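One letter stands for each residue in the lines below.
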Amino acid sequence: MSIDFARARENMVEQQIRPWDVLDVRVLDTLARMPREAFVAESLRGLAYADTALPVGHGETMLKPVLEGRILQALLPTATESVLEIGAGSGYLTACLARLAREVVAIERHPDLAEAAQARLAAQGFGNATVRAADAFDWNPGRSFDVICVGAAVASIPAGFVEWLNPGGRMFVVHGRSPAMDAALVHRTVNGSRVESLFETDLPYLAGAEPVPAFTL
């Protein structure tokens, strides 16, 4: 039986994303147009618009649609801004960011996932998005960005990530200890940074950003 992906996409927006207070017109339009099924494995296409995280390989997952919507609305990149995405995964959120921003540089520590994400972006006609195979903790972009999106959790917000922001820039990041983590927007200011708490969630940790094990007697 064939799947009506257009209808599934509409239902995702109306039944999952809007009820989670994602109401920005540009974000909703992006999610309503982006073919999520093109960014998942063939065997998972029937679940492309389900309210669940989907595996992409190497133990990594594609975020739930509602969380992707909240991230896009929190960051709201504009057509003049540059974006760094840490953890490209399938390339879906990369594509959504690229539709809103001037350019997106995404890094993904698994070379095969990075290659697959770049191929999917090219197939969808995104010439303003580049996916590089790199580990965020062993990489120097050699530049700064207006917006940073961290696609996995960190125990504490890395100062190095904040330094990659332009003055006045912003970063979405989930930080803390599972199962009660804080999704936040970090604003780069002239005096350092300011952290704005957004909502509570729970995500797998970014490799290298896990909490230090606590020893108890």
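Residues numbered from 1 in each chain as written. Predicted model: local features only at pLDDT ≥ 70, side-chain atom pairs only at ≥ 80, totals over all residues. Heavy atoms only, no water.

### So, the sheet that holds strand E4 (residues 103-108)
On the basis of which strands lie adjacent, the open sheet formed by seven strands has the order E5-E4-E3-E6-E7-E8-E9 and mixed pairing. The sheet is open, and its two borders are formed by strand E5 (129-133) and strand E9 (192-201), each paired with just one other strand. Shown here is a sheet whose adjacent strand axes are inclined to one another by a mean of 15°, direction ignored. Both E4 and E5 contribute to a ladder of five bridges, which runs parallel. Bridge pairing in E5 places Ile-107 opposite Arg-132. Against the sheet, helix H3 (residues 65-75) touches strand E6 (145-154), strand E7 (165-177), strand E8 (180-189) and E9, its axis set at about 150° to E7. Packing of helix H5 (residues 111-123) onto the sheet brings it into contact with E4 and E5, and relative to E5 it is tilted by some 165°. (Pairing = 2+ DSSP bridges. Helix = DSSP H or I, 4+ residues; strand = E, 2+ residues; numbered from the N terminus. Axes fitted to C-alpha atoms, helices over the stretch in contact; angles between N-to-C directions. Contact = heavy atoms within 4.5 Å.)

### Topic: the pattern of salt bridges
What the rule picks out here adds up to nine salt bridges. Here Arg-33 makes a salt bridge to Asp-29, at a shortest N to O gap of 2.8 Å. Here the residue Arg-33 and the residue Asp-29 both occupy positions in helix H2 (residues 25-33), the gap between them amounting to four residues, near one helical turn. Residue class for Arg-33 comes out exposed when judged on its relative accessible area of 54%. On the basis of relative accessible area, Asp-29 is assigned to the partly exposed category, the value being 29%. The salt bridge partner of Glu-103 is Arg-102, with a shortest N-O separation of 3.5 Å. (Salt bridge = Lys/Arg side-chain N within 4 Å of Asp/Glu carboxyl O. Buried < 20%, exposed > 50% of the residue type's maximum accessible area, 1.4 Å probe, protein only.)

### Side note on the pairing of strand E3 (residues 82-86)
Successive residues of a regular strand alternate their side chains across the two faces of the sheet. Here E3 lies mainly inside the structure; five of its five residues are buried. Here E3 shows a buried face lined by Ser-82, Leu-84 and Ile-86 and a second buried face lined by Val-83 and Glu-85. Taken together, the five bridges between E3 and E4 define a ladder with parallel strand orientation. In the strand pairing of E4, Ser-82 is matched with Glu-103.

### Considering the side chain of Glu-108
For Glu-108, the location among the structural elements is in strand E4. One buried charged side chain, Glu-108, makes no salt bridge at all; its nearest oppositely charged neighbour is Arg-109, positioned 5.6 Å away. Excluding residues that lie within four positions of it along the chain, Glu-108 makes contacts with Glu-60, Gly-87, Ala-88, Gly-89, Leu-113, Ala-114, Val-131, Arg-132, Ala-133 and Ala-134. (Lys, Arg positive; Asp, Glu negative; His and termini not counted.)

### Quick word on the environment of Asp-202
Turning to its location among the elements, Asp-202 is positioned in the segment after E9. We classify Asp-202 as partly exposed; its relative accessible area is 37%. Those residues in contact with Asp-202, other than ones at most four positions away along the chain, are Ser-178, Pro-179 and Met-181. Within polar-contact distance, the side chain of Asp-202 engages the side chain of Ser-178 at 3.0 Å. (Polar contact = N/O pair within 3.5 Å; in protein donor to acceptor, adjacent residues only side chain to side chain.)

### Topic: the layout of surface pockets
Looking at the largest pocket, its volume works out to about 510 Å³. Lining the largest pocket are 31 residues, and of these Glu-60, Thr-61, Gly-87, Gly-151 and Ala-152 sit closest to its centre. With three residues, strand E2 (residues 60-62) is the single largest residue contributor to the lining of the largest pocket. When grouped by side-chain class, the residues that make up the lining of the largest pocket number 16 nonpolar, nine polar and six charged. Volume-wise, the second largest pocket comes out at about 210 Å³. Lining the second largest pocket are 13 residues, with Lys-64, Leu-67, Thr-201, Asp-202 and Leu-203 sitting closest to its centre. Listing elements by their share of the lining of the second largest pocket, those giving two or more residues are E2, H3 and E9. A class-by-class count of the residues in the lining of the second largest pocket yields eight nonpolar, two polar and three charged. (1 Å grid on protein atoms, 1.4 Å probe; cavity = no way out; pocket = protein on both sides within 12 Å on 5 of 7 lines; lining within 4 Å. Points joined across faces, edges and corners; volume = space filled by probe spheres on them. Nonpolar A, V, L, I, M, F, W, Y, C, P; charged D, E, K, R; others polar.)

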